[in-house]
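# Analysis of the macromolecular model
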Amino acid sequence: MARLLAIDYGTKRTGIAVTDEFQIIASGLTTVNTKELLAFLKDYTTKEKVELFVIGEPKQMNNKVSESEADILSFIEKLKKAIPDIPIARVDERFTSKMAFQTMIDSGLKKNQRKNKALVDEISATIILQSYMSSKH
């Protein structure tokens, strides 16, 4: 089998999470400077077999699309051109940042560690991936 790879896209930083090859466990992989994201994904997908990209879909509470969606759609177009063989799924990411922050508190991270926005992005990507996996079972 192949991995699923989740992307919590941000204009500055992007959190990335992946599953194991059996698609049982979702784990944070890294946070990448968004300018280097396509190059990172091209490199990663040459080394690891990836079956699907799961990309967060930011929505507002009233279910309208968030303003960051335009940036994400632009990125998705570039991703489809750069890596056309891997399909893309979208997942509602409305509460992932709050959940990521709560996860950091629950796991006992100190206040200065919780200010690490890169870690929040990576955990958010993991939550997006877990959400996708849960919806499929």
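Going by the structure above, here's the rest.
Residues numbered from 1 in each chain as written. Predicted model: local features only at pLDDT ≥ 70, side-chain atom pairs only at ≥ 80, totals over all residues. Heavy atoms only, no water.

Here we take up the side chain of Glu-122. Mapped onto the secondary structure, Glu-122 falls in helix α5 (residues 117–136). There is no salt bridge for the buried Glu-122, and the closest opposite charge comes from Arg-13, which lies 9.8 Å off by N-O distance. Non-local contacts of Glu-122, meaning those with residues more than four positions away in its chain, are made with Gly-15, Ile-16, Gly-28, Leu-29, Thr-30 and Thr-31. (Helix = DSSP H or I, 4+ residues; strand = E, 2+ residues; numbered from the N terminus. Buried < 20%, exposed > 50% of the residue type's maximum accessible area, 1.4 Å probe, protein only. Lys, Arg positive; Asp, Glu negative; His and termini not counted. Salt bridge = Lys/Arg side-chain N within 4 Å of Asp/Glu carboxyl O. Contact = heavy atoms within 4.5 Å.)

With their axes 11 Å apart at the nearest point, helix α1 (residues 37–47) and helix α2 (residues 69–82) run at an angle of 35° to one another. Read as a crossing pair, α1 and α2 show a hand that is right-handed. Here Leu-37, Leu-38, Leu-41 and Lys-42 of α1 come into contact with α2, specifically with Phe-75, Lys-78, Leu-79 and Ala-82. Here the residues of the contact of α1 with α2 are counted per class, giving six nonpolar, no polar and two charged. (Axes fitted to C-alpha atoms, helices over the stretch in contact; angles between N-to-C directions. Left-handed = near helix turned anticlockwise from the far one by under 90°. Nonpolar A, V, L, I, M, F, W, Y, C, P; charged D, E, K, R; others polar.)

Turning to the sheet that holds strand β2 (residues 13–19), a few remarks are in order. Within a sheet, each strand pairs with its neighbour through backbone hydrogen bonds, oriented either parallel or antiparallel. Taken together, the five strands give an open sheet; going across it, the order is β3-β2-β1-β4-β5, and neighbouring strands pair in mixed fashion. The sheet is open, and its two borders are formed by β3 (26–33) and β5 (88–92), each paired with just one other strand. Sheet twist, expressed as the average angle between the axes of neighbouring strands with direction ignored, equals 25°. For strand β1 (residues 3–8) and β2, the ladder comprises four bridges, and the chain directions are antiparallel. Across the sheet, residue Ile-7 finds its bridge partner in β2, namely Ile-16. Here α5 sits on the sheet and contacts β1, β2, β3, β4 (50–57) and β5; the angle it forms with β2, its principal contact strand, is near 40°. (Pairing = 2+ DSSP bridges.)

Judged by nonpolar contacts, the single largest core of 18 residues is most densely connected at Leu-5, Ile-7, Leu-41, Phe-53, Phe-75 and Leu-79. Every element with two or more residues in this core is listed here: β1, β2, α1, β4 and α2. Not counting the four nearest positions on each side in its chain, Leu-5 is found in contact with Ile-16, Ala-17, Val-18, Leu-41, Tyr-44, Val-50, Leu-52, Phe-53 and Val-54. Counting residues in hydrophobic clusters, the runner-up holds 13 residues, among them Leu-4, Val-54, Ala-125 and Leu-129. (Core = buried A, V, L, I, M, F, W, Y, C linked by side-chain atoms within 4.5 Å.)

This paragraph deals with the packing of aromatic side chains. For the structure shown, the criterion picks out two aromatic pairs. Note on Phe-40 and Tyr-44: the rings are 6.1 Å apart at their centroids and 15° apart in plane angle, and the pair reads as stacked. Separated by four residues within a single helix, Phe-40 and Tyr-44 lie in helix α1, roughly one turn from each other. What makes Tyr-44 buried here is its relative accessible area of 12%. (Phe/Tyr/Trp six-rings, centres within 6.5 Å; stacked < 30°, edge-to-face > 60°.)

A few words on the pairing of β5. Burial along β5 is one-sided: the face carrying Ala-89 and Val-91 is buried and the face carrying Ile-88, Arg-90 and Asp-92 is not. Strand direction decides the pairing type here: β4 and β5, joined by five bridges, are parallel. Looking across to β5, one finds that Val-54 is bridged to Ala-89.

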